[in-house]
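What follows is the residue order along each chain.
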Amino acid sequence: MEDENSPMSAPLSPSKADNIMDQAEDDRRLSIARCQPRRAGVAAQGMNVESCKDYVKPVYAKDSETCAILKGFIDQNANLQVLFGHLDAKGVEDVINAFQEVTFPQGIDIIKQGEEGDCLYILGEGQVDVFVARKGPDGQVAPGDRGAKAITLGPGALFGELALMYSAPRAATVCIASDTCKLWKLEQEPFKMMLVQNTHTQYEMYEGWLSEVDLLKSLNQYELSRLSEMMESVLFDADEEIIRQGEPGDKFFILEDGSCAAYITGVEGERKVKDYVAQGEYFGEIALLNDEPRRATVRATGQGASLLSVSQADFVAVLGPIQDRLKQEIDKYPQYVQFLQ
């Protein structure tokens, strides 16, 4: 019998626990990958957007302290950032609302190795033991064989997240080790539905902003949709340069949050020529057509800025033929002609 004070039975930090769990998961996934096609990640699986529009997001009541704890887990855990890091504040709030508090008595297997996963857990109170069974000479795990105990996890541990990241069988068995355990559970279905809803809403918002850019007004719905999918969110601290006067332009920017300002340096020094404070304001769009030197320097102001960007390289790779069409139609917009002469 193991000593109760041994390292194996002591609660481990979430980061160390994650590393050991990840190794078990990786071993199994590598074995699968050698002989089977790679399974698609949840985010890549096709879902009907129309069926998700009317989906009612689950809301499980929580006090403010619990919400803060869950938000802390999401912000600090690398695997949760893979799942939720792209969401805006409202999206993260929806995820927190969807976590359901559950309790289990000692001895219950809440995850069984080999079964299809449909949820993840964050351990709130108590301890769980993790067992990993190895295959026998016949290449199969013996029925009912839990295998050896790999680790004991304490409060703050995350497990089962690969069920949301990949359609993969459970790589270990997780059993309640303490008299009782309180956990927060997030099921796969609401996660997938909310992911599609949030992504669709974001893309619709991006398309709306893009449709207001003079240079892009001739794009149709499909082209705007493809362009919105290329946009990447970038954060800039206050006073950090976003573009610099005189340097070749290679990206187009839309203000998502915060503020920034444009400055021109001349014989009399630098002067501010424009503030960008409204969500959806844009600059640098001519960079989608050529690498004309920037006419101004733009810096983040106030508390910083969150910007969406599209590079000329990505634009050309996905919507290359449109670039020629936009150049042909440039005379419709006199403010751009000087850049293409």
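About the thresholds
- Residues numbered from 1 in each chain as written.
- Predicted model: local features only at pLDDT ≥ 70, side-chain atom pairs only at ≥ 80, totals over all residues.
- Heavy atoms only, no water.
- UniProt positions renumbered as here; feature names shortened; annotations may be inferred.
- Helix = DSSP H or I, 4+ residues; strand = E, 2+ residues; numbered from the N terminus.
- Buried < 20%, exposed > 50% of the residue type's maximum accessible area, 1.4 Å probe, protein only.
- Contact = heavy atoms within 4.5 Å.
- Areas by Shrake-Rupley, 256 points an atom, 1.4 Å probe, with all protein chains shown as cover.
- Pairing = 2+ DSSP bridges.
- Axes fitted to C-alpha atoms, helices over the stretch in contact; angles between N-to-C directions.
- Salt bridge = Lys/Arg side-chain N within 4 Å of Asp/Glu carboxyl O.

For the protein chain, the name recorded in an unreviewed UniProt entry is Cyclic nucleotide-binding domain-containing protein, with Zooxanthella nutricula as its organism. The protein chain has a UniProt comment under Sequence similarities (unreviewed entry) that states "Belongs to the cAMP-dependent kinase regulatory chain family."

Let's talk about the overall build of the protein chain
Counting secondary structure elements, the protein chain contains 10 helices and 14 strands. For the protein chain, the proportion of its 341 residues judged to be buried stands at 45%. A sequence separation of at least 24 residues applies to 79% of the contacts in the protein chain between residues at least 6 apart. If you sum the accessible surface of the protein chain, you get close to 18100 Å²; carbon and sulfur atoms cover 49% of it.

Things to note about the sheet that holds strand β8 (residues 180-187)
What the 4 strands build is an open sheet, ordered β1-β8-β3-β6; its pairing is antiparallel. With one partner strand each, in any of the chains shown, β1 (100-105) and β6 (158-159) form the two edges of the open sheet.

A look at the sheet that holds strand β4 (residues 128-132)
Across the sheet, which stays open at both edges, the 4 strands sit in the order β2-β7-β4-β5 with antiparallel pairing between neighbours. Two strands in the sheet have a free side with no partner beyond their single neighbour: β2 (109-111) and β5 (148-153). Going across the sheet, the axis of each strand differs from the next one's by a mean of 30 degrees, ignoring polarity. When β2 meets strand β7 (residues 173-176), the two strands line up antiparallel, connected through 2 bridges.

What to know about the side chain of K185
Relative to the assigned elements, K185 resides in strand β8. Here K185 falls in the buried class, since its relative accessible area comes to 19%. Residue contacts for K185: discarding those within four places in its chain leaves A98, F99, Q100, V102, C119, L120 and Y121.

Quick word on the pattern of salt bridges
Throughout the structure, instances matching the rule amount to 11 salt bridges. Between K182 and E125 there is a salt bridge, with the nearest N and O atoms lying 3.5 Å from each other. Separated by 57 residues along the polypeptide, K182 in strand β8 and E125 in strand β3 (residues 119-125) bring together distant segments of the chain. Judged by relative accessible area, K182 falls into the buried class, the value being 18%. Two residues, E281 and K274, come together in a salt bridge whose shortest N-O distance is 3.9 Å. Residue class for E281 comes out partly exposed when judged on its relative accessible area of 21%. Residue K274 is classed as partly exposed on the basis of its relative accessible area, which comes to 38%. By sharing partners, the salt bridges in this structure join E241, R244 and E247 into a single network.

Examining unusual backbone geometry
Positive phi, normally seen in glycine, also occurs at D239, with a value near 75 degrees. Tracing the chain through its elements places D239 in the loop between β9 (232-236) and β10 (241-243). By relative accessible area, D239 is classed as exposed at 64%.

Thoughts on the UniProt feature "binding site: 3',5'-cyclic AMP 2" (unreviewed entry) in the protein chain
Sites flagged by UniProt as "binding site: 3',5'-cyclic AMP 2" (unreviewed entry) map to E285 and R294. As for its position among the elements, E285 is in the loop between β13 (282-283) and β14 (297-311). A relative accessible area of 12% places E285 in the buried class. Mapped onto the elements of the fold, R294 is located in the loop between β13 and β14. Of the residues examined, R294 reaches a relative accessible area of 8% and is grouped as buried. Those residues in contact with R294 that lie beyond four places of it in its chain are I243, R244, Q245, G246, E247, P248, G249, D250, K251, F253, G284 and A287.

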